[in-house]
Amino acid sequence: MRCAVVDALDAIGGQCTALYPEKPIYDIPAHPAIDAAALIEKLERQAAPFTPFYLLGRRVERLSQTDGEFTLGTSQGDTIRARAVIVAAGAGAFGPNRPPLERLAGYEASGAVRYMVARREEFAGKRVVIAGGGDSAVDWALSLKGIARVTMVHRRPKFRAAPDSAARLEQAAARGEIEMAVPYQLRGLEGDGSRLSGVVLATLKGETRTVPADHLLAFFGLSMELGPIAHWGLGLDHSHVSVEPSTCRTSIPGVFAVGDVATYPGKLKLILQGFSEAAMAAHAIHPLVFPGEALHFEYSTTKGVQAPGAASGAKPPG
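Everything quoted here is computed from the prediction, not taken from an experiment.

Draft legend 1. Focus on the state of the cysteines. Throughout the structure, instances matching the rule amount to zero disulfides. The thiol sulfur of cysteine 3 is not disulfide-bonded, and the nearest other cysteine sulfur, from cysteine 248, lies at 15 Å.

Next up, the structure:
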């Protein structure tokens, strides 16, 4: 089956590429730990023999159906015709929740204020203030403590991160490897509007202090929305698409949903489970693409993989 992949980002990989390329992932079989960027690179190589056609830097704006065939239109004017559609939109279009600080845009533009870490080495020898209490904030504080001067800011002593990570943060702070600013919140930024020199913190009582800083990493989660998908008539459950667990079918025949965007009883939000859902959806789609043609299920070790470029129908779908 020929496949077109549409992604709003300019590179494949979703959040793994855009938000935490150097963060280790632990739920991939045969990889005790693998960085997100490395996982995406291996997945791209694994998909290559089947010649997917990538349409990046755009999103699907329109979906219509006529006589069993779907027509999709993108924000760049592309038209795609397909027998089936898989929605693999993660948590939807996402962007960081920004702290309400004055002159924030100038510091964002210079890279002094960031919401993700692409390369740890950029922070070597720098003074870094990390704000937030979840897994991302704690994980990056632990990751950067060996190469940067890290100050951790949180409004309360209890962190929402995994217990083991929170315990390691406490141990690192006790050893003097991380400075803790608790309970404090962000109050302001000091500098020339581009280059940061300090971060102003405040307690709930209004007591303030300034921490010298070259960078502020703010991890307050993501604001997410489904975008046009929300208006396609799919059965939604709190901004997630309800699917049939055994096939990942949605309420619209021929449209399937997999990964974080899909929901059903017993759903686990793991990359591991997304792989399983994609396989089930692909098998359910086969009779839609090839009606009346039997699909003889085989183990992957039986069938093997074609050499890159050898797959039939290597031209763009539609």
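Now, onward.
Draft legend 2. Looking closely at empty space enclosed by the protein. Counted by the stated rule, this structure contains one cavity of 30 Å³ or more. Taken as a whole, the largest cavity spans an internal volume of roughly 40 Å³. Every residue along the wall of the largest cavity is listed here: Arg127, Val128, Val129, Arg149, Thr151, Glu179, Val211 and Pro212. Counting residues per element, the ones that place at least two in the lining of the largest cavity are β11 (127-131), β12 (149-153) and β16 (208-212). Broken down by class, the residue content of the lining of the largest cavity amounts to four nonpolar, one polar and three charged.

Draft legend 3. Representation of the packing of helix α4 (residues 135-144) against helix α5 (residues 163-174) within the structure. Two elements in contact, α4 and α5, have axes separated by 10 Å at closest approach and are oriented at 45°. By the angle class used here, α4 and α5 are oblique. In the crossing of α4 with α5, the sense of the turn from one axis to the other is left-handed. Mapping the contact onto sequence places Val138, Asp139, Ala141 and Leu142 in α4 and Ser165, Ala166, Arg168, Leu169 and Ala172 in α5. Here the contact of α4 with α5 is built from residues that sort into six nonpolar, one polar and two charged.

Draft legend 4. Main features of the environment of aspartate 192. Positionally, aspartate 192 belongs in the loop between β14 (185-191) and β15 (196-202). Assessed through its relative accessible area of 57%, aspartate 192 is described here as exposed. Residues aspartate 192 and alanine 109, 83 residues apart in the sequence, show an inter-C-alpha distance of 13 Å. Setting aside chain neighbours within four positions, we find aspartate 192 in contact with Arg103 and Tyr107. Within polar-contact distance, the side chain of aspartate 192 engages the backbone nitrogen of serine 194 at 2.9 Å. From its side chain, aspartate 192 meets the backbone nitrogen of arginine 195 in a polar contact 2.6 Å long.

Draft legend 5. Structural context of the sheet that holds β14. If you trace the three strands from one edge of the open sheet to the other, you get β14-β15-β16, paired in antiparallel fashion. Two strands close off the open sheet at either side, each with one partner strand: β14 and β16. The average undirected angle you get between the axes of adjacent strands in this sheet is 25°. Two strands pair when backbone bridges link them, and β15 and β16 are joined in this way by five bridges, in the antiparallel orientation. Across the sheet, residue alanine 202 finds its bridge partner in β16, namely threonine 208.

Draft legend 6. Here's a closer look at the confidence of the model for the protein. Here the protein averages 90 in pLDDT, while 93% of its residues score no lower than 70. Per-element averaging of pLDDT across the protein places helix α7 (residues 300-303) at the bottom with 65 and β11 at the top with 98. Note that residues 309-314 has pLDDT below 50 and, in this model, 10 contacts with residues that lie over four places away or in other chains.

Rules of the game
Residues numbered from 1 in each chain as written. Predicted model: local features only at pLDDT ≥ 70, side-chain atom pairs only at ≥ 80, totals over all residues. Heavy atoms only, no water. Disulfide = S-S within 2.5 Å. 1 Å grid on protein atoms, 1.4 Å probe; cavity = no way out; pocket = protein on both sides within 12 Å on 5 of 7 lines; lining within 4 Å. Points joined across faces, edges and corners; volume = space filled by probe spheres on them. Helix = DSSP H or I, 4+ residues; strand = E, 2+ residues; numbered from the N terminus. Nonpolar A, V, L, I, M, F, W, Y, C, P; charged D, E, K, R; others polar. Axes fitted to C-alpha atoms, helices over the stretch in contact; angles between N-to-C directions. Parallel < 35°, antiparallel > 145°, perpendicular 65-115°, else oblique. Left-handed = near helix turned anticlockwise from the far one by under 90°. Contact = heavy atoms within 4.5 Å. Buried < 20%, exposed > 50% of the residue type's maximum accessible area, 1.4 Å probe, protein only. Polar contact = N/O pair within 3.5 Å; in protein donor to acceptor, adjacent residues only side chain to side chain. Pairing = 2+ DSSP bridges. pLDDT = per-residue confidence, 0-100.

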